[in-house]
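# Analysis of the macromolecular model
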Amino acid sequence: PDKTKVAVENGPHDANPDDADFLDVSHQPHGRIGIDYEIPLTILEFDLTNNRLKSIENLDKCPKLERLVLRQNEISEINGLEMLTELQDLDLYMNNIQDLPE
């Protein structure tokens, strides 16, 4: 079956269809994950490219998440992923990460 995609535009949002499995909030300066928009519980892929994010947070609402794109942000530490047991693909290209967790 085709994936349901939800793209969130600038401004306050209600992008929470029950069957969404892809959420794209890329290139929007939210600053924090899940602020000004809802994260669907069914989401499998989440694109947060270029959002000025400094940390990875609020992903406990994404138990089925398989792919997380955090490119071009300001993240310096890799944490907040412990509950993402289904995560297979994590993209942290162009962030401020100095040390990788053991």
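In what follows, the accompanying structure is described.

Evaluated as defined, the whole model comprises four salt bridges. Across the salt bridge formed by glutamate 74 and lysine 54, the nearest N and O atoms sit 2.4 Å from each other. Residue glutamate 74 is located in the loop between β4 (67–69) and β5 (89–91), and its partner lysine 54 is located in the loop between β3 (45–47) and β4; the two are separated by 20 residues in the primary sequence. Judged by its relative accessible area of 31%, glutamate 74 falls in the partly exposed class. We classify lysine 54 as exposed; its relative accessible area is 53%. We note a salt bridge from arginine 67 to aspartate 89, for which the minimum N-O separation is 2.7 Å. A residue pair is termed long-range when its members are at least 10 positions apart, and arginine 67 in strand β4 and aspartate 89 in strand β5 qualify at 22 residues.

Applying the stated rule across the entire model yields one aromatic pair. Considering the side-chain rings of tyrosine 37 and phenylalanine 46, the 6.4 Å spacing of their centres and the 85 degrees angle between planes classify their relative orientation as edge-to-face. By the burial criterion, tyrosine 37 is buried, and phenylalanine 46 matches it.

Turning next to the nonpolar core. Formed by 19 residues in total, the largest nonpolar core has its most connected members in Ile33, Tyr37, Phe46, Leu48, Leu59, Leu68 and Leu70. Here leucine 68 is in contact with Phe46, Leu48, Leu59, Leu81, Leu84, Leu87, Asp89, Leu90 and Asp91, once residues within four sequence places are set aside.

By secondary structure assignment, the location of threonine 42 is in the loop between β2 (22–24) and β3. Overall, threonine 42 belongs to the partly exposed group, its relative accessible area being 25%. Residues threonine 42 and lysine 64, spaced 22 residues apart in sequence, show a C-alpha to C-alpha distance of 6.5 Å.

Right, let's talk about unusual backbone geometry for a bit. Leave glycine aside and you will find that most residues have negative phi; peptide bonds, for their part, are mostly trans. Positive phi is not limited to glycine here, since aspartate 36 has a value of about 75 degrees. Relative to the elements of secondary structure, aspartate 36 occurs in the loop between β2 and β3. The phi dihedral of glutamine 72 falls on the positive side, at around 50 degrees, and the residue is not glycine.

This brings us to the side chain of asparagine 73. As for its position among the elements, asparagine 73 is in the loop between β4 and β5. Of note is the side chain of asparagine 73, whose polar atom sits 3.0 Å from the backbone oxygen of leucine 48. From its side chain, asparagine 73 meets the backbone oxygen of leucine 70 in a polar contact 3.0 Å long. Dropping the residues within four chain positions of it, asparagine 73 is found in contact with Leu48, Thr49, Asn50, Asn51, Arg52, Leu53, Met94 and Asn95.

Cut-offs used in this document
Residues numbered from 1 in each chain as written. Predicted model: local features only at pLDDT ≥ 70, side-chain atom pairs only at ≥ 80, totals over all residues. Heavy atoms only, no water. Salt bridge = Lys/Arg side-chain N within 4 Å of Asp/Glu carboxyl O. Helix = DSSP H or I, 4+ residues; strand = E, 2+ residues; numbered from the N terminus. Buried < 20%, exposed > 50% of the residue type's maximum accessible area, 1.4 Å probe, protein only. Phe/Tyr/Trp six-rings, centres within 6.5 Å; stacked < 30°, edge-to-face > 60°. Core = buried A, V, L, I, M, F, W, Y, C linked by side-chain atoms within 4.5 Å. Contact = heavy atoms within 4.5 Å. Polar contact = N/O pair within 3.5 Å; in protein donor to acceptor, adjacent residues only side chain to side chain.

None of the figures reported here should be taken as evidence of function without further support.
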